[in-house]
Every structure is written in C-alpha cells, then in structure tokens.
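Residue-level structural notes
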Amino acid sequence: MMTSENGHITYDDADTVEVQTGTAVEGRDVPMPTDGLGCHSGSTMKEAARTAGNSEMLDQFAADYPTGPHDQPQSMCPAFGSLRVGLRMKRTATILSGSACCVYGLTFVSHFYGARRSVGYVPFNSETLVTGKLFEDIREAVHDIADPDKLDAVVVTNLCVPTASGVPLRLLPEEINGVRIVGIDVPGFGIPTHAEAKDVLAGAMLNYARKEIEAGPVPMPASGKSDRPTVSLLGEMFPADPMMIGAMLAPLGLAAGPVVPCREWRELYAALDCGAVAAIHPFYTASVREFQAAGRPVIGSAPVGHDGTAAWLAAIGDAFNIAPDQIAAAQNQFLPAIKGALSAAPVKGTITLSGYEGSELLVARLLIESGAHIPYVGTALPKTPWSADDAAWLEARGVKVKFRASLEDDCAAMDAVRPDLAIGTTPVVQKGKELGIPSLYFTNLISARPLMGVAGAGSLAEVVNAAMANKDRMDHMREFFEGVGAGDTAGVWEGAPNLQPTFRATNAKKLERAAKAAKAAEMI
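Let me sum up the structure you'll find in this document. (Residues numbered from 1 in each chain as written. Predicted model: local features only at pLDDT ≥ 70, side-chain atom pairs only at ≥ 80, totals over all residues. Heavy atoms only, no water.)

Some details on the overall build of the protein
In plain terms, the rule: Only DSSP runs of H or I covering at least 4 residues are called helices, and only runs of E covering at least 2 are called strands; the numbering of each starts at the N terminus. With C-alpha atoms as the basis for the radius of gyration, the globule rule is written as 2.2 Å multiplied by the number of residues raised to the power 0.38. Throughout this description, buried means an accessible area under 20% of the type-specific maximum (1.4 Å probe, protein chains only), exposed means over 50%, and partly exposed covers the range between. Whether two residues are in contact is decided by their heavy atoms, any of which lying within 4.5 Å being enough.
Along the protein, the regular secondary structure elements total 22 helices and 14 strands. Radius of gyration (C-alpha) of the protein: 25 Å, near the 24 Å computed for a compact globule of 524 residues. Taking the principal axes of the C-alpha coordinates as reference, the protein spans close to 80 × 70 × 45 Å. A total of 524 residues make up the protein; the buried ones form 53% of that total. Summarising the internal contacts of the protein: among those between residues at least 6 apart in sequence, 74% fall at separations of at least 24.

Next up, the structure:
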C-alpha cells in the first residue's frame, strides 16, 4: 500500500527522493549447456531456463500471459515491445544481452520506428555465458553507463539465450549513484507477443516506483499534482485520445492521469497516485498487479462509440462514488455528439478484423456502431477480466471473438467470409490481396487514429470506405497477374517449372521422425 493515510503519494518540497540502496552481490557461475539453444527453440530453451533456476519467472509469465494455439510469437521478436517502451522514456538508457543477430534485428527495427538514441549491447560467447563472466560484463556495463547527470534509470534486458542460461539480472544493484537499475527477462519462449513485452517493462518500473514511494517522499512529477482525482490510462494510444478522455472526465470532477507505459520516470509516481486505472488495453497484467497492490481499482473497456462511452463513464463514476445525476449529465453532454458523428460517417460492408495491438475489440465496436458488419474479430492477446465487457458486447451482436488467434485462424476466417475488407497484420493483408480482397494493415492504418469519444467516432470511416471502394482495382490486378504462378511457381517461366514434390515428402518424413524422437525422449 502507499505510505500516507489517505492512500496518496507524498512529494517532498526539496525535490529529493529517498531510494533504498541495493547492494551489489557477487555474480554466480552459471554453468549451462548451450547445445540446441536457437532462436525460439521452444521446449529446449524452457527446460534450460528452468534448470538454470528461472522456474518461478516462467511460471509467472505463464500466469500473466497464457498461451493459445501458438506458444511462440508469430510476429516480430517480443523484446521489441519492451525495447520500444524504454527508448521512448526520457533519461533512460537501454542495454540488451542476447545473441548478436537478435540485437542487430531489434536495434534495426527500433531505429526504423524512430528511436533517437543508441542501444547498449553486452556481447558474449560460449565461455563467458557458461562461466558467469557475462553477468560480470553486464554489471560492469551498468556501472559505466549509470551517470546521474544524464540518466534516471538503466533498463537491462535478457533475451532468449541469457534467460535460458540463467544470467541473474536480479543480482544487479538496485541503484548506482542514484540511477535506478531495472533488469528484465523477455524471452521469446516465455512472452507470446511484443505487446505483452511492453507490460513486462511497465510492470517492472511500476514495481520499482511503488517501492520508492513506500520508502518515503518522492520527487514531484514535472507536470505537478492534479487538483482533481485522476484516472491513469493503461496502454499506448493515439496522442489525441488521452486529451479526449480528459475532456469526458471533466464533468465528473476528474482528470486524466499519465498514460502507462510512461515517458519519464516521475510519471510513474503520478500514475500510481490515482483514484482508479482505466485498462484501455486489457492485457497489461503485470501493471494491473502493481496498481492493485497500491489499492487502485481497475476498470476495463474504454469510451469508444456510443454504448462503450456510456458504460465506461458509468463504471468510472461508480469507482469514484459519483452521484448518478452527475454521471448522467456527463453522458448527456457527450453521447448525442458521438451518435451524430457516427451517423455522419457511416461504414457499409462486411469486415474481418485482426491484429496484435490489443485494441482490436475496441475498433470492432466502433466499426459496428458505424454500420459495418463484422462476423470475426481475432486478437493475438489473451482474454482477461478487463476485456470481458467488450467481448460480451461483440458476441451479443453475432461476432465470433477469438482470443490468442493464430495467423491461421485469421486467414481461415477471411477466406471463409470473403469480406469487403480485411483488416489485419501484414501476412493477413498479403493473403487478402492475393485473394483480391481489399485489405488494410491494422497497426499503421487503424490503430494510428483516434478511437475515444467524439474524436474517435467517424475517424475510421474515410480510410475504411476508401479501401472498400478499391474492390474493382483489386479485381483488375488479379486479372492482370493471372497465370504468373504462385508459391514455388511464382514468376514468368519460359517452360514448365521443374517441380520436385518428392523433396517435400522426404522433408516431411524427416520432420515427422524428429518429432517422434523428441516425444520418445520426453517419455524417457
């Protein structure tokens, strides 16, 4: 719980913070076998990690991020999520420990998405990995980089191989010269999606900040302390959405708090110093655990569309014990405008929708209230208590909601429905265009738009309707490229392609024998 009697955080006038100083503990030798530890090698790495003493961590991952038909990421490396969160924070340095190829890919993608700072890297080889020297190298790197004039925190991330080998980031000092040290493990064999990896780091930072608060007064956030009770917002969203949410909270006498993941360390204190938490993205399980440990109630869903806004404002009002007539007044102030915006920008057509951002159900609600027919919604994220209301609303309208949907699920739904528009991940969009179905990439074209309140109502109509209007062009493209082949036979051939079906059959038998051998080894 928080330190003060009324459950709120105390800030000091001198702008100082009392931090419990950690003690640097000597690293342990962690002799681990490295045979077979390839990227995403599944059970082999999990077994190695458990042997190395990481069973408790993997069990917590399994509880926080339950797997589905696929227990391995079907998109980018999950560590990209936590890396991106750290790189967006002011006065925060990031160090990666993992295979060079993994670090190269992660840094490339992070800079592709606009990172403006370097990513630290501690290389290793078989010797430093199995003798424990890698941990010593990491600790040395952390000491070298921990400059309190430049940094508030250093984030150290173990990727797959160091996690499987048991490199003990928990033994790093908690702080060095006032710079906080946050160590996390983000293995591809334990974290299903990059979206959930954001929660791994956000939860670890909230945990650290909560302990600082319990230890004594902490620095005032740069934005100051709100004169009204606040609602912290959980999950990354379009920049206009927090402002829209704040406008809808104002008639209730409330204000929007920080968005978690935060952009600087002091925002973590303000986020914890709230009256309630809005789980806009419902999969931040570790972060929710920290808020609940601080005694903060968590409200699911979001103010999306007419029905979603009405229910969300009522839930927020109940959490703050606001009078029903004041809640009704806030609803009456915004709901007619939302209904009008939805009517002014109708969407007519059948759409299948899927993605891995965590806002798929919210987008589906908004499109349905705009007039679209949506028979299928797939999300790579798991079902949680904070997505239950959205799922129930969709299912009551005949929508098949698939949590932990695989790429195969999404493509099968699109192939069966043959919608006017397919919204999904890159491979879904590729498959849709091959079928002549107009398709939009969810992350760049849908989630990068306002969704909340009046601003969200009608925001999707222009791009969605424009895409559906391209059906004739898609048909023309299919006709133009008809006969050039597909898959192994793609391209223009002077003669018939030299097919080798026996190669596929032989390889399939090899894989089958390997699977049987692995199963037999497990039984032994």
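Moving on, there is more to tell.
A look at the sheet that holds strand E2 (residues 120-121)
Strands pair in a sheet through their backbones, by hydrogen bonds, and they do so in one of two ways: parallel or antiparallel. Test applied: Two strands form a pair only when DSSP identifies at least two bridges running between them. Here the axes come from fitting lines to C-alpha atoms, over the contacting stretch only for helices, and the angles between their N-to-C directions go from 0 to 180 degrees.
Read from one edge to the other, the open sheet built from five strands follows the order E2-E1-E3-E5-E4, with strand pairing classed as mixed. At either margin of the open sheet sits one strand with a lone partner, and together these are E2 and strand E4 (175-176). Where E4 lies against strand E5 (residues 179-185), two bridges are found, and the strand directions are antiparallel. What sits directly across from Ile-176, in E5, is Val-179. Sheet strands in contact with helix H8 (residues 194-215) are strand E1 (92-97), strand E3 (153-158), E4 and E5, and its direction is about 140° off that of E5.

Notes on the sheet that holds strand E13 (residues 421-424)
Strands sit in the order E12-E11-E10-E13-E14 across an open sheet of five strands; the sheet is parallel. Among the strands making up the open sheet, the edge pair consists of strand E12 (400-403) and strand E14 (439-441). Each strand of the sheet is rotated relative to its neighbour by a mean of 10°, with strand direction disregarded. Summarising the sheet, strand E10 (residues 350-355) and strand E11 (residues 373-379) pair through five bridges and their orientation is parallel. Each residue of the ladder has a partner; that of Ser-354, found in E11, is Gly-378.

A look at the environment of Pro-346
Note that Pro-346 resides in the loop between helix H13 (324-344) and E10. Among the residues examined, Pro-346 registers a relative accessible area of 38% and is labelled partly exposed. Put simply, Pro-346 and Lys-431 are 85 residues apart on the chain and 27 Å apart in space, counted from C-alpha to C-alpha. Look past the residues within four positions of Pro-346 in its chain and what remains in contact with it is Ser-370, Ala-461 and Asn-465.

Structural notes on the side chain of Arg-139
We count it as follows: Residues adjacent in sequence count toward polar contacts only when both atoms are side-chain atoms; beyond that, a polar contact is any pair of N or O atoms within 3.5 Å, and within protein one must be able to donate a hydrogen and the other to accept it.
Of note, Arg-139 is situated in helix H6 (residues 133-145). Among the residues examined, Arg-139 registers a relative accessible area of 10% and is labelled buried. Polar contacts involving the side chain of Arg-139 include one to the side chain of Glu-136, which spans 2.8 Å.

Remarks on the side chain of Thr-128
Mapped onto the elements, Thr-128 comes out in helix H5 (residues 126-131). Its relative accessible area of 14% is what places Thr-128 among the buried residues. In this structure, Thr-128 is in contact with Lys-133, Leu-134 and Asp-137, ignoring residues within four places of it in sequence.

Side note on the nonpolar core
Where we set the bar: To qualify as a nonpolar core, a set must consist of buried Ala, Val, Leu, Ile, Met, Phe, Trp, Tyr and Cys residues joined through side-chain atoms within 4.5 Å.
If you look at the biggest cluster of nonpolar residues, it comprises 80 residues, and the most contacted ones within it are Ile-138, Trp-265 and Phe-291. Counting residues per element, this core draws most heavily on H8, which supplies 10 residues. The residues contacting Phe-291, other than those within four sequence positions of it, are Leu-206, Ser-232, Leu-234, Val-260, Ala-271, Leu-272, Cys-274, Val-277 and Arg-296. Ala-302, Leu-335, Ala-345 and Ala-364 belong to the second largest nonpolar core, which has 62 residues in total.

A look at the packing of helix H3 (residues 79-88) against H8
The cut-off we apply is this: The cut-offs work like this: below 35 degrees is roughly parallel, past 145 is roughly antiparallel, 65 to 115 is roughly perpendicular, and the gaps in between are oblique. The hand of a helix crossing depends on one turn: near helix anticlockwise from the far one by less than a right angle means left-handed, and clockwise means right-handed.
Here H3 crosses H8 at 50°, and the two axes come no closer than 6 Å. The orientation of H3 relative to H8 falls into the category oblique. Helix-helix and strand crossings are classified by hand; for H3 and H8 the assignment is right-handed. Taken together, the residues of H8 that come into contact with H3 (itself represented by Phe-80, Gly-81, Ser-82, Val-85 and Gly-86) are His-194, Ala-197, Lys-198 and Leu-201.

Things to note about the packing of aromatic side chains
Test applied: Two rings from Phe, Tyr or Trp (for Trp, the six-membered ring) form a pair when their centres are within 6.5 Å of each other. A pair whose planes differ by under 30 degrees is stacked, one over 60 is edge-to-face, and the rest are tilted.
The tally for this structure, following the rule as stated, stands at four aromatic pairs. Aromatic pair Phe-61 and Tyr-65: ring centres 6.3 Å apart, planes at 40°, arrangement tilted. Residue classification places Phe-61 among the buried positions, given a relative accessible area of 8%. Judged by centre distance (5.6 Å) and plane angle (90°), the ring pair of Tyr-208 and Trp-265 falls under edge-to-face. Placement of Tyr-208 in helix H8 and of Trp-265 in helix H10 (residues 265-272) is noted, with a sequence separation of 57 residues between them.

Let's talk about the environment of Ala-310
Position of Ala-310 among the secondary structure elements: in helix H12 (residues 305-319). The class of Ala-310 is buried, set by a relative accessible area of 16%. Sequence separation of Ala-310 and Lys-133 is 177 residues, and the distance between their C-alpha atoms is 57 Å.

Structural notes on the environment of Ser-354
In this fold, Ser-354 is placed in strand E10. We classify Ser-354 as buried; its relative accessible area is 2%. Residues Ser-354 and Gly-378, spaced 24 residues apart in sequence, show a C-alpha to C-alpha distance of 4.4 Å. With near-sequence residues (within four places) excluded, Ser-354 lies in contact with Glu-360, Gly-378, Asp-410, Ile-423, Gly-424, Thr-425, Val-428 and Phe-442.

What to know about the state of the cysteines
Stated formally: Only a pair of cysteine sulfur atoms within 2.5 Å qualifies as a disulfide here.
Tallying each qualifying case throughout the model produces zero disulfides. Looking at the unpaired Cys-77, the closest cysteine sulfur is the one in Cys-160, lying at 6.3 Å. In this structure Cys-101 is a free cysteine whose sulfur lies 4.1 Å from that of Cys-102, the closest cysteine sulfur available.

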